[in-house]
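# Coordinate analysis (summary)
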Amino acid sequence: GIRIASLSELGPGGSWSTCALGCNSDPPQDVAHVQFRSRIAFKLVWVPNENYDTFVLVDDDGKLLATGKPSDGPGALPSRREREMNFRIVQGSKYAVVAENMAKNSKKP
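Predicted, not measured: the structure shown is a model, and the values here were computed from it.

Now for helix α4 (residues 97-106). What α4 keeps buried is the set Val 98, Ala 99 and Ala 103. Within α4, the buried residues cover an arc of 135° as seen down the axis, which keeps them to one side. Its buried side turned inward, α4 meets β1 (43-46), β2 (55-58), β3 (64-68) and α3 (80-90).

Structure below.
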């Protein structure tokens with residue numbers, strides 16, 4: 001992930017950043033893209049379904065890499081508020097599209 005998403009023209013190695021603030025801009029204005037001038041290997045986004053209990057991993061283009069639920073059950077989830085805030089940070093961006101579509105599809109009868 002990090003090696004594939006790293007920009008070789010910026011030198012050897014990779015970077016790791018967890019700050020997502022600003023990632024909902026186009027182009028993204030988060031720490032990874034602005035300060036480190038890098039792409040992201042993946043972004044975890046909580047799906048805005050009824051319980052915010054499912055997540056998606058998307059790449060720097062917003063394409064789906066994986067989906068999941070914590071294997072330790074509901075007790076292992078971060079607080080609901082944290083999951084909702086995680087989604088709000090990416091809402092309206094390419095990173096939110098897959099999660100939004102999953103939420104819409106989960107509401108269909």
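With that settled, consider the nonpolar core. Ranked by internal contacts, the top residues of the largest apolar core, which has 19 residues, are Val 45, Val 56, Val 58, Phe 87, Val 90, Tyr 95 and Ala 99. Broken down by secondary-structure element, the contributors of at least two residues to this core are β1, β2, α3 and α4.

Another point: the sheet that holds β3. Spatially, β1-β2-β3 is the arrangement adopted by the three strands of the open sheet, whose pairing is antiparallel. The sheet is open, and its two borders are formed by β1 and β3, each paired with just one other strand. Here the strands of the sheet are splayed against their neighbours by 25° on average, with no regard to which way each runs. Both β1 and β2 contribute to a ladder of four bridges, which runs antiparallel. Within β2, the residue paired with Val 45 across the bridge is Val 56. Across the face of the sheet, α4 comes into contact with β1, β2 and β3 while running at roughly 150° to β2.

What counts, and where the lines are drawn
Residues numbered from 1 in each chain as written. Predicted model: local features only at pLDDT ≥ 70, side-chain atom pairs only at ≥ 80, totals over all residues. Heavy atoms only, no water. Buried < 20%, exposed > 50% of the residue type's maximum accessible area, 1.4 Å probe, protein only. Helix = DSSP H or I, 4+ residues; strand = E, 2+ residues; numbered from the N terminus. Arc of directions from axis to C-beta. Contact = heavy atoms within 4.5 Å. Core = buried A, V, L, I, M, F, W, Y, C linked by side-chain atoms within 4.5 Å. Pairing = 2+ DSSP bridges. Axes fitted to C-alpha atoms, helices over the stretch in contact; angles between N-to-C directions.

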